[in-house]
Amino acid sequence: MSIDKKGVFLAIQQPMLRSSMEQRMSGQPDLRIVGDSMDGETALGLIEALRPDVALIEDHLPVISGRELAEMIREAKLDTKVILLLPPGTRERLSEDLQALADSLMFSDDNPAHIVRAVRTVLSGRRYICPLLGTCNACNGFGKIAPEKLEHLTELERDILGLMAEQQSAHQIARYLGINYRDLHRHREALCEKLGFESDDDSELRMFVVRHRADFPQSGSTH
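Just so it is clear, the structure is predicted and the values come from calculations on it, not from any experiment.

Q: Would you mind going over the sheet that holds strand E4 (residues 81-86) with me for this structure?
A: Hydrogen bonds along the backbone pair up the strands of a sheet, which may run parallel or antiparallel. Within the open sheet, the six strands sit side by side as E2-E1-E3-E4-E5-E6. Their pairing is parallel. Each of the sheet's edge strands pairs with one partner strand only, and the pair in question is strand E2 (31-37) and strand E6 (128-129). Across two bridges, strand E5 (residues 104-107) lies against E6 in parallel orientation. Within E6, the residue paired with Leu 105 across the bridge is Ile 129. Helix H2 (residues 40-50) contacts strand E1 (6-11), E2 and strand E3 (54-58) of the sheet and is inclined by roughly 140° relative to E2.

Below, the structure is given as structure tokens:
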């Protein structure tokens, strides 16, 4: 019996991200790409016409930004689920206004397999906000992470969080820590599982001091 594949729309400007998602989606038995666009204005018209089940929207889109596009989809009361892909260096607080824009919030440099998992999550009627998004804003005092969950992090995982808090991209973090890009994504997925939190978690906001300068000094630093 054939499976009714859910339609996914790609509103992505970055060529590498776009290509990665196209390759990943092509092998999914339950998902298919129904359209794509590299700017927000064209994407809006196509989404209104195609009515995809899910739209992957990069925040940095020309003409109409990803956030504006997400808001317009909400205002049009379309049934399309929205996954908003934020730039990896974002340091803003994870506000209610930002969360209201999308069914899922992730980083645009996340593992494509992880993004596909989020697609299935929102299709099942659940929300997904990457726990690392809050962690990356730890320097601004944001991060609803239970203290006991931090006890199980490895030194490398803490270094990854620290570098993310400093607005380093995935490629920069991998080079800095001397690990390959694929291994970094594997560690990030493990972090998401370890730091997963419930929406009603009332833990104190945590500040992360997780960089170890003696082990991983910045270029040009003194020690």
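That shown, we press on.
Q: Help me understand the pattern of salt bridges, please; the structure alone is not making it clear to me.
A: Should the charged atoms of two oppositely charged side chains come close, the side chains can pair. Within the structure shown, the criterion is met by six salt bridges. For Asp 36, the salt bridge identified is with Arg 18, shortest N-O distance 2.4 Å. One end of the pair, Asp 36, is in strand E2; the other, Arg 18, is in helix H1 (residues 15-26), with 18 residues separating them in the sequence. By relative accessible area, which is 33% here, Asp 36 ends up partly exposed.

Q: How should I be thinking about unusual backbone geometry in this particular structure?
A: Most peptide bonds adopt trans geometry, and most residues besides glycine take a negative phi value. Positive phi, close to 70°, is recorded for Val 63, a residue that is not glycine. Residue placement: Val 63 occurs in the loop between E3 and helix H3 (66-75). Backbone geometry places Lys 77, a non-glycine residue, at a positive phi of 55°. Structurally, Lys 77 is set in the loop between H3 and E4. Given the relative accessible area of 70%, Lys 77 is considered exposed.

Q: For this particular structure, what's the right way to read H3?
A: Spacing of three or four residues puts side chains on the same side of an α-helix, whose turn is 3.6 residues. Of all the positions in H3, only Gly 66, Leu 69, Ala 70 and Ile 73 are classed as buried. The arc that holds the buried residues of H3, viewed along the axis, is 100°, so those residues lie on one side. As for H3, its buried residues are in contact with E1, H2, E3 and E4. Positive phi appears at Lys 77, one or two residues downstream of H3, with a value of about 55°.

Q: Help me understand the layout of surface pockets, please; the structure alone is not making it clear to me.
A: Over the atoms, a rolled probe matching the size of one water molecule traces out where space is still vacant. Taken as a whole, the second largest pocket spans an internal volume of roughly 500 Å³. Of all the secondary structure elements, the ones that give two or more residues to the lining of the second largest pocket are H1, helix H9 (170-177) and helix H10 (181-194). In terms of residues, the lining of the second largest pocket owes the most to one element, H1, which gives five residues. Taken together, the residues of the lining of the second largest pocket break down into six nonpolar, eight polar and four charged.

Q: Even after reading the chapter, I still don't get the pairing of E3, so can you show me in this structure?
A: Within a regular strand, the side chains alternate between the two sheet faces. Among the five residues in E3, five count as buried, and that is most of the element. Side chains Val 54, Leu 56 and Glu 58 project from E3 onto one buried face, and the interleaved Ala 55 and Ile 57 project onto a second face that is buried too. Bridging between E3 and E4 involves five bridges; their strand directions are parallel. If you follow Ala 55 over to E4, its bridge partner there is Val 82. Handedness of the β-α-β unit built from E3, H3 and E4 comes out right-handed.

Q: Where do I start with the confidence of the model for the protein chain in this structure?
A: As a note on interpretation, predicted positions should not be read in detail where pLDDT is low. On average, residues of the protein chain score 77 in pLDDT, and 72% of them are at 70 or above. Between residues 197-223, whose pLDDT stays under 50, and residues either more than four places distant or in other chains, the model counts 53 contacts.

Parameters and conventions
Residues numbered from 1 in each chain as written. Predicted model: local features only at pLDDT ≥ 70, side-chain atom pairs only at ≥ 80, totals over all residues. Heavy atoms only, no water. Pairing = 2+ DSSP bridges. Helix = DSSP H or I, 4+ residues; strand = E, 2+ residues; numbered from the N terminus. Contact = heavy atoms within 4.5 Å. Axes fitted to C-alpha atoms, helices over the stretch in contact; angles between N-to-C directions. Salt bridge = Lys/Arg side-chain N within 4 Å of Asp/Glu carboxyl O. Buried < 20%, exposed > 50% of the residue type's maximum accessible area, 1.4 Å probe, protein only. Arc of directions from axis to C-beta. 1 Å grid on protein atoms, 1.4 Å probe; cavity = no way out; pocket = protein on both sides within 12 Å on 5 of 7 lines; lining within 4 Å. Points joined across faces, edges and corners; volume = space filled by probe spheres on them. Nonpolar A, V, L, I, M, F, W, Y, C, P; charged D, E, K, R; others polar. Right-handed = clockwise from strand over helix to strand, strands pointing away. pLDDT = per-residue confidence, 0-100.

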